[in-house]
Every structure is written in structure tokens, then in C-alpha cells.
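# Residue-level structure breakdown
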Amino acid sequence: MKIVAPAGNKERLYAAIKAGAEEIYMGLQGFGARRAAENFTVEEFIEALDYAHLRGSRIFLTLNTLMFKEEIEFLYCNLKKLYEHGLDAVIVQDLGLANYLHQNFPDLELHGSTQLSVANHVEINFLQSIGFTRVVLPRELTFEEIKSIREHTTIELEVFVSGALCICYSGNCYLSSFLGGRSGNRGMCAQPCRKNYQINQENKSYFLSPKDQFLGEEEIQKLKAIGIDSIKLEGRMKEPNYVFTTVQYYRNLINDIATKERSSSLFNRGYSKGYFYEKTSEIMNPLFSSNLGERIGIIQGKEIRLEKDVILGDGFSYVSSSFEKLGGCYLNQIIIKGNKEKRKKAFKGEILILKDVSRGSKYLYRSYSKEIQDSIEVEKKQQNKRKEILASFIGEIGEKAKLSIHTKNEWGKEITLSVFSEENLQNANKKATTKEEVFQKISELGNTSFYLKNIEIELEENIFIPTSLLKSLKRFAIEKLEKKLLESYLRIAPKEWKLSSIPNEKIDDLDFFFIVRTEKQKQYLEEKGYSNIFYRSYDIASEGELEKQNLDTLVAANFYQILKNRNTSGIIGNWNLNISNPYTFELLERLPQLDLLMLSPEMSFEKMKNIGATKQKKAILAYSKLRGMYIELDLIKGKNTILQNQENDNFHLKTNALGHTEVYLEEALNILSKQNLIKELGISVIIIEFTYETLQEIDLVLQELREKKGRYKAYNYERGVY
């Protein structure tokens, strides 16, 4: 089982590889789901590929966001450079991008991002059939669900084991996008889940903020036992020391080495096992959503009874009873109550006297552990990941010495080379050279990126080999190996393939389709003379709930409902399938049961126009109290709940029939007055989605639909998204 580690910049890359990560995921500047990270230029990325490949690690490029047509095609030049230099894999969310990559770089590994929200074996096997080689599973799956998926698939599976948890299914969170145009599906999430909310106009809490996930020895052994291929660590924006110690911890667990985790001392907003054992609200932390560090104790006046040992140089935060940071300090003097001796360390249970305590402080948290930070810095200097090589040495009197080296690159390609001495070897006048001496000199690889696993040595009796010759042969062989190893990754990209632009077809009349939540809504629309009325379906089909999915529905909100649908035609792909470019349309032509595809509400009108004509009909969500989140947990225990943020936006929370929480915006999307524009965009179907509207509210919407005028709220259709 391998470790997939994060690298938001070069320092994090070096830290991850030094600690033993075999696989690194990292982004190009301007792309990927962590666009706020420092990330890499193309030139830096190429340097990183060489650095990793020389040490037996692989590099994955994160393109795990939704992309528009022009962005996909703009990528080609930079992707070509990386592909030709040996890029190992690309992590993808957008199926259109996956289609483009598979056509242009057919031997490049495609990994399905957790942003795809494929949560069952049927969807995963579909991804494999269209060219994916690995899938990163959603964090919301339990171990039993992961185990079931493993039993029904052959594709490589990757599982998150540490780091931040999104409360919403990744790829199905639109709250940041709808509120301010900062799309989580485009790497620009404003993290509304980490904000403080007022609940039903009463108390406030960080209602949507989960603790971070951190799996331990028992969980890692379970994942190893069922054959999970890789475990993934979150943290492209965390510090290098955090990356190093977290990789080191999991490297030791995989290798069955007893170890203690230190990550929680470096970053801490509460930890849990996530969904691994059960789907429980115990993963939530309503008290605070930021990194406070580890609690040291409760402040009383200027005194604190220590809950942990502290040393000089530790950094502290003063925290209020409502868990706000009020200030901080470094510990530059230790004063223990009742003890006047000078100390460098204070112990758990002792009473520490503090200076300059911030007014209103209740708790003391350690935000910087000098002992742990110093220890990690030492280990980073001492520890290196090296690539394994095999060698053979032949020494015969009257012949040139021969040193051969063998290894494989990370794609399994064999690399073998031999180097020879310039002069023939001679008899020993005094002491003959031994095999032990040859081994010692050849295995001393110093600051190279290799280590010698084994060497076969053949020496004729009474032979003399100068130490300088052995060192020279070794140096020449390693230089040649480095060059040959890096060259083994080079390849030539085929000529670019891309779709031709086809003008939108002329639309004369629009069809109106309705999605409803209740039988009462459906009956009311029928009484008003409307048809094409469908019940909405569930966004996610998790492995443990497949039997609860409606396979008769014509509105499919996940690929399981498409692939297993009992209808052989007329299926509508829902807007949360995130369809935003013509390459996705082209790919989905392989599913002839799909007749109509709803465009992503994260597209602007201009982006929709650029899609051009497609074989499937296009639809647009024209009215909806938008669903901003789809959450695995029932956070509200079936009780309708209203959250209000600091900007006074209201959000309505509902529990669906599967027991999952759905978060809706109060102010509806409404572009019913733009029907002529919609036709100009080549869109033939308007979708009106009702959720918790009253019949009076529905009446008003129907009036606006008929009259093509009224309220107007376009959200991303006008402004686009970042």
C-alpha cells in the first residue's frame, strides 16, 4: 500500500519524499482544487518530476476541477511538456477533460478525483471502462462500503486517511459558488462550512464544520488487508513539517513499525475517525473551525494548571470561552507557583504563572511545539528516500573491471548499464582485494538518490583493485544511471485532437419540464394543465444504499441511476452532474439512454453559448431554490432548520428520505424572463425545480413562466464563477 502525499510547493515536495511518500499530488499555478496554494510553474514541475523519479516516487498533476472548453484546449501546450517529460498521472474531476486527455495522451494514467463523488462499484467500473486507472473514493464511505467496492472492482482504489473533511460531498458543494461566485468545483471555495451560523434565530455555532480526519494503526491494517492500493493525505496548504511527520507516521504504520503521531500537535481543530466506522455527527466540531493547536489548560487569573508538559520556546494562543483567539505569546520564562528555581520545562499538573494574559481568556492552546518542531527539523536532515538498485561486479586479472547496475523505473521499465575500467586489472603484489572491500566501496552511495540492495561480486584470486578505481567506476555508473533513468520517462505526444466548433442549432420553441419534491406539488401542476413532471432524485448513490435508489426515475442525479436505469431512453442528466463543456457531451454519447443533459448552473450564459450544437438536447435550470449542499449526515434529525450567516443570508435545511441533509438557498434562481435568450443559446428545455415552495409561490412562478417577466436572479449565469 502506497502513500499519496500533498505538495503545495517545493519545500512540501521535498518533505513528503524525504519521509517516504511513493506518490505526490501537486498542481500547476492557476489550476486544480487548491488554487490558493503556491503550486508550481511548468519549469518547477519538470524539476519536481526529475527529483521524484530519481528517488523512486511518482508525481500526479491535480486538474481536479470543472473546466470550460477553452480552458481544456488551452492546457494542451503545458500538458504536452509535462507528458513528454514523464508525468505519471493526472487527477481529474471533469469527465470532459478526462475524455480530452485520454484521446490526446492515451498512455497517461487518469485518476478519478474524490470530486467526482463516485461512491459505488457500478460507477467506478464505468470510469474504468472509459479509461480511468484509479479512483479516489469519497470520504463519506464506511470501511464496510469500501470493502464491498474493493470486492466488486479491479481498478486501483485510493482512500483518504487524514486531513480536512468537507461536510458536503466533494463535487456536490455549490454554496460558495452560489453565494459569491467562488466555486469549490473550480478550486476557489470560500469555505462557508467553516463559518459561524445562527440556528433558527437562536444560538450560534459552527454548525457545518467537521473535525479533521485522522485514521490510526487499526484502520490502516484494515485497509491493507482488503487490498487498497494507496492511502491519501490531505494538506497541500499545510506546513512542510506537518507533511513530513504525517507521511512518516503512515509510512511506519504500513511497515508495521510502532509509532506515535505528532500531526495533531502541529495542526488541530479537533480530530475524528471520519466516517470509517459509522456515519455519526460525532465528527462535527460546533465550537471552532480554525486551527487552535492542542489545549494546555484552563486559565484562572494568571495561573494555569498544565494538562501537558511545556518547554521554553513553545508558542501559545489565548482563547476565549467562545473559542475566539484573543492573542498569543512565546514562552520565554517558566515560573512555577511555589517554585523559584529556573526551569526550561514545566510538567503536567504543575501550575504555570503567565504574564500579560489577554483579557477574556479562558483557555490556553499551544500553537507551536518547539520540541516537536526541532525534532522534525533534525529528522528531515537525516532522512532521505532512495531508489533501490542491484549491482554486479566482475574482476579478472588481465581484464577490465566491469560494474553493472540494474533497476526499474516507476513504470516497470527495465534499466541496465555497465561501465568498464580503462586499464586491465593486475595481480596483487602484496594484499589481494577482498569481496568485502569491493562491497564497501560500491555501496557507499553518499548523497546520491540510490541505495544498493544487493551486489553479486566475482573476483579472481590474488587480484588487486585500487580503491580509486572502484570509486571512479561507481561515480561514472551512478552518473550514467541518473541520465538513463530520467531518459526512460521521456516520450513523444501524439498530434492534438480536439472537437470542432459547431454553431448552435436554431430553437423555435421551448419545452417546460418540472422537478418536484412532493406529491402535492405534482398534483397541483397537473391540475394547472402541465405535463413533463418528475420527482427529484438523490445526488449520491453510496455503496450501502444502492437498493434505495429509484431506477425508474427519468431524472438521474448520479451515474448509478443512469447506468442501472430501467428506462432505455428519455433519461435526463441532472444539473449536479456538472456538465460544462462539449467534451463531456461527446463522452456521454456512449450512454444512448441519456436524451437530455442539464447544463451546470456554474456556467455563464456566454460559456453555454460556446458549447455549440450537441447530439443530446440541452436544458437549463431556470427556476430553483438552489441546493447548495448534499450532506451524508442527518444534521437536523429530520427537523426543518434555518441557518443564517453573518451576511444575513438564510439557508433552509431539509432531511431527505435517505436521512441525508440538503441545504437550500432562500432566494430562488429565476431567469424565466430570459426565455428568448435561452433559445439563442441553443437550449431547448427549461427546467423548473420546486422544493419547499407553497402553492401560492408555485402559482407566482407559473405566472412568470407564462408571461416571460417578473423577478430576476441569475446567480452565476450572469457573473460566471472564479
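For the structure, see preceding data.
Here is a short report on the structure shown in this document. (Residues numbered from 1 in each chain as written. Predicted model: local features only at pLDDT ≥ 70, side-chain atom pairs only at ≥ 80, totals over all residues. Heavy atoms only, no water.)

### Some thoughts on the sheet that holds strand β23 (residues 414-424)
Taken together, four strands build an open sheet; the order of strands is β23-β22-β21-β25 and the sheet is mixed. The outermost strands of the open sheet, each flanked by one partner alone, are β23 and β25 (450-459). Going from strand to strand, the sheet's axes swing by 15° on average, the running direction of each strand aside. Relative to β23, strand β22 (residues 400-408) runs antiparallel, the two being bridged by eight bridges. Bridge pairing in β23 links isoleucine 405 to leucine 417. Together, β21 (387-395), β22, β23 and β25 form the strand contacts of helix α14 (residues 467-487), whose direction differs from that of β23 by roughly 150°. (Pairing = 2+ DSSP bridges. Helix = DSSP H or I, 4+ residues; strand = E, 2+ residues; numbered from the N terminus. Axes fitted to C-alpha atoms, helices over the stretch in contact; angles between N-to-C directions. Contact = heavy atoms within 4.5 Å.)

### Brief notes about the sheet that holds strand β36 (residues 661-665)
As summarised here, the arrangement of the six strands in space is β9-β8-β34-β35-β36-β33, forming an open sheet in which the pairing is antiparallel. A single partner strand is all that each edge strand has here, and the edge strands are β9 (204-205) and β33 (627-631).

### Details of the pairing of strand β16 (residues 315-320)
Where burial is concerned, most of β16 is hidden: six out of the six residues are buried. Of the two faces of β16, both are covered, the one formed by Gly315, Ser317 and Val319 as well as the one formed by Phe316, Tyr318 and Ser320. Between the antiparallel neighbours β16 and strand β17 (residues 325-330) lie four residues, among them phenylalanine 323 with a positive phi of about 65°. (Buried < 20%, exposed > 50% of the residue type's maximum accessible area, 1.4 Å probe, protein only.)

### As for helix α15 (residues 519-527)
Taken together, the buried positions of α15 are occupied by Gln521, Lys522, Tyr524 and Leu525. When α15 is viewed along its axis, its buried side chains cluster within an angular range of 165° and face the same direction. Across α15 from its buried face, at more than 90 degrees, point the exposed residues Lys520 and Glu527. Tucked into the core, α15 has its buried residues touching β27 (511-516), β28 (533-535) and α20 (695-707). Within two residues after α15, glycine 529 carries a phi angle of roughly 95°, on the positive side. (Arc of directions from axis to C-beta.)

### Description of the pattern of salt bridges
This structure, assessed with the given rule, holds 46 salt bridges. It is possible to trace a salt-bridge network through shared partners that takes in Glu23, Arg58, Glu109, Arg134, Glu156, Glu158 and Lys232. (Salt bridge = Lys/Arg side-chain N within 4 Å of Asp/Glu carboxyl O.)

### So, the side chain of serine 361
With respect to the helices and strands, the residue serine 361 is situated in strand β20 (residues 361-368). Those residues within four positions of serine 361 in sequence are excluded, and the remaining contacts are Ile299, Tyr318, Val319 and Leu326.

### Notes on the packing of helix α9 (residues 217-226) against helix α10 (residues 240-254)
Contact pair α9 / α10: the axes reach a minimum separation of 10 Å and the direction vectors enclose 60°. Considering their axes alone, α9 and α10 lie oblique with respect to each other. Here α9 and α10 pass one another in a crossing that is right-handed. For the pair α9 and α10, the contacting residues are Glu217, Ile220, Gln221 and Lys224 in the first and Tyr249, Tyr250, Leu253 and Ile254 in the second. (Parallel < 35°, antiparallel > 145°, perpendicular 65-115°, else oblique. Left-handed = near helix turned anticlockwise from the far one by under 90°.)

### Overview of the nonpolar core
Ranked by size, the top nonpolar core spans 171 residues in total, and within it Ile24, Phe45, Phe132, Leu208, Leu223 and Tyr250 carry the most contacts. It is α10 that contributes the most residues to this core, eight residues altogether. Residues lining this core come from more than one domain, with at least three contributed by each of domain 1 (2-165 + 210-259) and domain 4 (511-707). (Core = buried A, V, L, I, M, F, W, Y, C linked by side-chain atoms within 4.5 Å. Domains from an automatic or database assignment.)

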